[in-house]
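Overview (structure and organization)
So the chains spell out like this:
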Amino acid sequence: MMPLTENKKEAYEKRVPKATRDEPMSKHTSFRVGGTARLHVVANSSEALIEAVTAALECDVPFFLYGGGSNLLVSDDGYEGVMIQAANRGLSFDGERMKAESGVITGMAARQSVEHGLGGFEWAIGVPGTIGGAVFGNAGCYGGEIKDSLESVEVFDLNAHEKKIMTHTECAFAYRESLFKHHPYLILSATFRFKPNADIAAGKARMNEIMKTRKEKQPLEASSAGCAFKNPPGHSAGQLIDSLSLKGLKIGDIQVSDKHANFLVNRGQATAQDIITIISVIKMKVRDELGVQLEEEVQLAGF
Ligand code: EPU
């Protein structure tokens, strides 16, 4: 990446005075890996988010938007631009509906939905990251997916410079896929519609059960970015990697988890380069030996 010039940094700081310099991204990612963002902004409201991004466009500063940092790999050289964290955390309820701003922690929204007597979002209790990230990637687990209960998404269209409401159909959801991966829309909030009058105690019990299963099957105690690869059609990536006896494989300080083969865990000092290398090795082995092409689920920044 081209180094970000001092002039551009100053122009951006003038527009967004709360921007900070040389922020270590290892502090903001669940992998605990990554160099510094030349500029970094924590956007505490949807308006601040719009301002942080439009300023980047107008100052010709590359930007990368992230939420919880739980599905993100930042290069060791960091990011020559501004990393913008969505920390707009408004959450409100109206009858069967829940409106969550994109920076709301998904697990927190799941817990609140149950407390409000709503059913259908219990599955999301253990989903790392934010609502914006969950909508962006159509997150799913334990029989649920974002698209099942989502009604609409409020976005800021970066081309038209206006807010828009995208209906469920317009979001073009598929497995770990959405319109938002392909269009310059900033996700501001999402409105969900759940089942009313749900049994609160039963909802809590379901969430506890999910967390118990998750802890048994996934290395939640270690630093990782969740599943590294998407499940290819008709297969489980974890099962494929496991079948090649790759559990425990270590490159530098990154290791294929012994608990779940689709998790790469940082044993302490892993670098982004180690992670890119292990991803390539796994993809090559699965392709050569099983004839299946794996695709990363983690988002890459600064490569
Ligand atoms: N399996 C193995 N070895 C392993 C891991 C799994 O043989 O090392 C087998 C399991 O025994 C099971 C099958 O593979 O028969 C599926 O495994 P699991 O139930 O753990 O689900 P998964 O397909 O590996 C998906 C999501 C997870 C989500 C779980 C639970 C993807 C890529 N992964 O995993 O999501 O938590 O289902 O619903 O879609 C994530 O996206 O970051 C993530 C962790």
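Quick note: structure is the one above.
On a predicted model such as this, the values are computed, not experimentally measured, just so you know.

**So, the pattern of salt bridges**
Tallied over the full model, the rule gives 24 salt bridges. Close ionic contact of Lys 147 with Glu 145 constitutes a salt bridge, the shortest N to O distance being 3.6 Å. Judged by its relative accessible area of 16%, Glu 145 is buried. As a salt-bridge pair, Arg 176 and Glu 297 come within 3.2 Å of each other at their nearest N and O atoms. Of this pair, Arg 176 sits in the loop between strand 11 (162-167) and strand 12 (185-193) while Glu 297 sits in the loop between helix 8 (272-290) and strand 16 (299-301), placing them 121 residues apart in sequence. On the basis of relative accessible area, Arg 176 is assigned to the buried category, the value being 16%. Where salt bridges share partners, they join Glu 96, Arg 97, Glu 151 and Arg 193 into one cluster.

**Focus: the environment of Lys 230**
Here Lys 230 shows up in the loop between helix 6 (200-217) and helix 7 (237-243). The spatial distance from the C-alpha of Lys 230 to the C-alpha of Ala 201 is 33 Å, given a sequence separation of 29 residues. Non-local contacts of Lys 230, meaning those with residues more than four positions away in its chain, are made with Tyr 175, Arg 176, Glu 177, Lys 181, Ala 237, Leu 294, Glu 295, Glu 296 and Glu 297.

**Remarks on the nonpolar core**
Phe 121, Ile 131, Val 135, Ile 146, Leu 150, Phe 180 and Phe 192 are the most contacted members of the largest nonpolar core, which has 33 residues in total. Listing elements by their share of this core, those giving two or more residues are strand 7 (97-101), helix 3 (106-115), helix 4 (131-136), strand 10 (150-157), strand 12 and helix 6. Aside from chain neighbours lying at most four places away, what touches Phe 121 is Met 98, Thr 106, Ala 109, Ala 110, Ser 113, Ile 131, Ile 146, Ser 149, Phe 192 and Phe 194. The next biggest cluster of nonpolar side chains, apart from the first, holds 25 residues, and it includes Ala 225, Val 286, Val 292 and Leu 294.

**A few points about the site of the ligand**
Neighbouring residues of the ligand: 20 residues in total, closest Tyr 142, Tyr 175, Cys 227, Asn 231 and Asp 242. Interatomic distance of 2.7 Å between a side-chain N/O atom of Asp 242 and a nitrogen atom of the ligand. Ala 261 is positioned such that a nitrogen or oxygen atom in its backbone is 2.8 Å from an oxygen atom of the ligand. Coverage of the ligand by the protein amounts to 73% of the 820 Å² it exposes when considered alone. When residues in the shell around the ligand are grouped by element, the largest group, three residues, is from helix 7.

**Regarding the sheet that holds strand 13 (residues 250-251)**
Judged by pairing direction, the sheet is antiparallel, and its three strands sit side by side in the order 13-14-15 without closing on themselves. What marks the edges here is a single partner per strand, and that holds for strand 13 and strand 15 (264-266). Helix 8 contacts strand 13, strand 14 (254-256) and strand 15 of the sheet and is inclined by roughly 30 degrees relative to strand 14.

**Details of the sheet that holds strand 10**
If you walk across this open sheet you meet the five strands as 6-7-12-10-11, and the pairing is antiparallel. The open sheet has two free edges, formed respectively by strand 6 (91-94) and strand 11, since each of these has just one partner strand. Each adjacent strand pair in this sheet contributes to an overall mean axis angle of 20 degrees, direction not counted. In this structure, strand 7 lies alongside strand 12, joined through five bridges in antiparallel fashion. By the bridge assignment, Lys 99 is partnered in strand 12 with Thr 191. Against the sheet, helix 2 (residues 46-58) contacts strand 7, strand 10, strand 11 and strand 12, and its axis sits at roughly 155 degrees relative to strand 12. Running over the sheet, helix 3 touches strand 6 and strand 7 and is turned about 25 degrees from strand 6.

**Some remarks on helix 3**
Among the residues making up helix 3, those that are buried are Thr 106, Gly 107, Ala 109, Ala 110, Ser 113 and Val 114. Summarising the axial view, the buried residues of helix 3 lie within an arc of 160 degrees, below the 170-degree limit, and thus occupy one face. If you follow the buried residues of helix 3, they end up packed against strand 6, strand 7, helix 4 and helix 6. Phi for Gly 117, located one or two positions after helix 3, is positive at around 75 degrees.

Calculation notes
Residues numbered from 1 in each chain as written. Predicted model: local features only at pLDDT ≥ 70, side-chain atom pairs only at ≥ 80, totals over all residues. Heavy atoms only, no water. Salt bridge = Lys/Arg side-chain N within 4 Å of Asp/Glu carboxyl O. Buried < 20%, exposed > 50% of the residue type's maximum accessible area, 1.4 Å probe, protein only. Helix = DSSP H or I, 4+ residues; strand = E, 2+ residues; numbered from the N terminus. Contact = heavy atoms within 4.5 Å. Core = buried A, V, L, I, M, F, W, Y, C linked by side-chain atoms within 4.5 Å. Near = heavy atom within 4 Å. Polar contact = N/O pair within 3.5 Å; in protein donor to acceptor, adjacent residues only side chain to side chain. Areas by Shrake-Rupley, 256 points an atom, 1.4 Å probe, with all protein chains shown as cover. Pairing = 2+ DSSP bridges. Axes fitted to C-alpha atoms, helices over the stretch in contact; angles between N-to-C directions. Arc of directions from axis to C-beta.

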